[in-house]
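Residues per chain are reported as follows:
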Amino acid sequence: MVSREDANRILKIALQNGGNFADIFVERKRNVSISLEAGKIERVNSGLDVGAGIRVISGDSTSFAHTNDVTLKGLEALADIVSKAAKGHNGQKDIPVIDRPANWRPDFKKKPGSVPTEAKVALVEKMDKAARSADPRIKQVAVGYGDVEQDVLIANSDGVYVEDQRVRTRMVINAVAQEGDAIQTGFDSLGGLQGFEIFDTANVEETARNAAKRAVALLSAKPAPAGRMPVVMAGEAGGTMVHEACGHGLEADLVQKKLSVYGGKVGEKVASELITVIDDATIPGKYGSLAYDDEGTPGEKSVLIEKGVLKSYMYDKLTAIKEKRESNGNGRRQSYQDRPIPRMTNTYIASGESDPEEIIRDTKSGLLVKKMGGGQVNTTNGDFVFDVAEGYLIEDGQVGALVRGATLTGNGPKVLQIVDRVGNDLGFAIGTCGKDGQGAPVSDAQPTIRIPEMVVGGILDED
């Protein structure tokens, strides 16, 4: 895309008027999206986006600009524009040559671009059919397919020069069930840092049936109880809570802006000794995995909280410079049009030693959460509210009736402090994390955990 020699020339122009650091991010991204509603293919979109962003860091300040003109002349002009906003006395400098090998490399066996659109449409229609066949009360189905092939070149004034390819494939389904006046929805998804080979092992029909069965089951579900009670969060619930209520608070930019409840607490006990929180970009195939982040730093496995003690935050280049340390590979951006910021990759609570079924048997009464919905978090103090998409009563250590309308209210750090059981399982969920107007593919996970007391919000019994 751009040779090392040309990249160095562009970076020197960017630093000609000052600045401590400069980088260039060149991107070529091809994507396909297909959507189905009411039994019909509504949209088939494909696109190709090419562009570059150049950034200069001068002390605490950052100047950044982007362009669609990725010719050498266009990039030199962009570098000249960015350089005019740079400050400081370092200016143009010799750029060394360094080699930063990745900790791992993904192996994409079937690039989505080589797969006919008809095959992708057939998958979408197969999910629609599977969901509708699951139960006659399924009245509406919406299916979405998406794939992205992203080629990037990242070079910086420290001498980093990296070429990388990311391929991600994803499917989502929403099923709506109706019986009389009652209407309920069920959602499920699958995806990963994988090509079309993901469908060699993933069963899209089973995913569709899961969404449909969830919607149908909720039609006859009891209203959720309200009050303080023990909550068991199953591994299959995914790691929404650790991502939202803990992960964002461990991103270094929020910490440095004093917007995180975890600020200034490295070395302190912030969770139960049973809790270890990890962000790991090196798990093959997971949706948030990457060989290099968007600043050319190799993706890492970072232990953020170890046996309850806060060990580290997630850093990009800028936040690392401010603390005179190295980035740990969490600098991510939505596209060449955005500057990188600290983001999660695959964030999870590490597995413990308890049998998940034993955790339920040892809980006399409470709520079992098998699927999380959306929610809101205040990263400044850790307060959260989450919807429960699939929850069951626990009665005398047994899984009881399905309930609907439950919410979980609490404080992330306080919840992690009181977790008293951690299972030996681990369940992942995928999503697109939004922050500062940028979306980033991530996954999160947790084992089955028990929180002795949480505030559960329910709904009034309509009977």
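All values derive from a computational prediction rather than experimental measurement. (Residues numbered from 1 in each chain as written. Predicted model: local features only at pLDDT ≥ 70, side-chain atom pairs only at ≥ 80, totals over all residues. Heavy atoms only, no water.)

A. Examining helix 5 (residues 204-219) more closely. Its 16 residues place the ends of helix 5 24 Å apart at the C-alpha level, agreeing with the 22 Å of an ideal helix rising 1.5 Å per residue. Buried within helix 5 are the following residues: Val204, Thr207, Ala208, Ala211, Ala212, Arg214, Ala215, Val216, Leu218 and Leu219. Measuring from the side-chain oxygen of the N-cap residue of helix 5 to the backbone nitrogen of Glu205 gives 3.1 Å; that N-cap residue is Asn203. (Helix = DSSP H or I, 4+ residues; strand = E, 2+ residues; numbered from the N terminus. Expected span 1.5 Å × (residues − 1). Buried < 20%, exposed > 50% of the residue type's maximum accessible area, 1.4 Å probe, protein only. Polar contact = N/O pair within 3.5 Å; in protein donor to acceptor, adjacent residues only side chain to side chain.)

B. Spotlight on the UniProt feature "domain: Metalloprotease TldD/E N-terminal" (unreviewed entry) in the protein chain. When the UniProt feature table is mapped to this numbering, "domain: Metalloprotease TldD/E N-terminal" (unreviewed entry) covers residues 22-86. Measuring from the first to the last C-alpha atom of residues 22-86 gives 10 Å, for a span that is 18% helix and 65% strand. (UniProt positions renumbered as here; feature names shortened; annotations may be inferred.)

C. Here's a closer look at the pattern of salt bridges. Summed over all chains, the structure comprises 27 salt bridges. Close ionic contact of Lys84 with Asp80 constitutes a salt bridge, the shortest N to O distance being 2.8 Å. Lys84 sits in the exposed class, given a relative accessible area of 59%. For Arg450, the salt bridge identified is with Asp420, shortest N-O distance 3.1 Å. Here Asp420 lies in the loop between helix 10 (412-418) and strand 19 (421-422) and Arg450 lies in strand 22 (residues 449-457), a separation of 30 residues in the sequence. What makes Asp420 partly exposed here is its relative accessible area of 31%. The network of salt bridges with common partners includes Arg30, Lys120, Asp147 and Glu149. (Salt bridge = Lys/Arg side-chain N within 4 Å of Asp/Glu carboxyl O.)

D. Examining the nonpolar core more closely. If you look at the biggest cluster of nonpolar residues, it comprises 44 residues, and the most contacted ones within it are Met233, Met241, Leu250, Leu367, Val369 and Leu408. Dropping the residues within four chain positions of it, Leu250 is found in contact with Tyr262, Leu304, Ile305, Leu310, Ser312, Tyr313 and Met314. Formed by 29 residues, the second largest nonpolar core is a distinct cluster that contains Val121, Ala211, Ala215 and Leu219. (Core = buried A, V, L, I, M, F, W, Y, C linked by side-chain atoms within 4.5 Å. Contact = heavy atoms within 4.5 Å.)

E. Focus on the side chain of Glu27. By the element assignment, Glu27 lies in strand 1 (residues 21-37). Of note is the side chain of Glu27, whose polar atom sits 2.7 Å from the side chain of Gln150. Look past the residues within four positions of Glu27 in its chain and what remains in contact with it is Met1, Asp49, Val50, Gly51, Gln150, Asp151, Val152, Gln334, Ser335 and Tyr336.

F. Spatial organisation of empty space enclosed by the protein. One pass over the full model with this rule turns up 1 cavity of 30 Å³ or more. There is about 30 Å³ of room inside the largest cavity. Contributing to the lining of the largest cavity are Glu244, Ala245, Cys246, Gly249, Val261, Tyr262, Val377, Asn378, Thr379 and Gly382. With 3 residues, helix 6 (residues 240-247) is the single largest residue contributor to the lining of the largest cavity. Tallied by class, residues from the lining of the largest cavity come to 5 nonpolar, 4 polar and 1 charged. (1 Å grid on protein atoms, 1.4 Å probe; cavity = no way out; pocket = protein on both sides within 12 Å on 5 of 7 lines; lining within 4 Å. Points joined across faces, edges and corners; volume = space filled by probe spheres on them. Nonpolar A, V, L, I, M, F, W, Y, C, P; charged D, E, K, R; others polar.)

G. Geometry of the sheet that holds strand 6 (residues 182-192). What the 6 strands build is an open sheet, ordered 3-2-1-4-5-6; its pairing is antiparallel. In this open sheet, the two strands that pair with only one neighbour each are strand 3 (61-67) and strand 6. Here the average twist between neighbouring strands, direction ignored, is 20 degrees. Contacting strand 1, strand 2 (40-58), strand 4 (138-156) and strand 5 (161-179), helix 3 (residues 117-134) runs over the sheet at an angle of about 145 degrees to strand 4. Packing against the sheet, helix 5 makes contact with strand 4, strand 5 and strand 6, and its axis sits at approximately 155 degrees to strand 6. (Pairing = 2+ DSSP bridges. Axes fitted to C-alpha atoms, helices over the stretch in contact; angles between N-to-C directions.)

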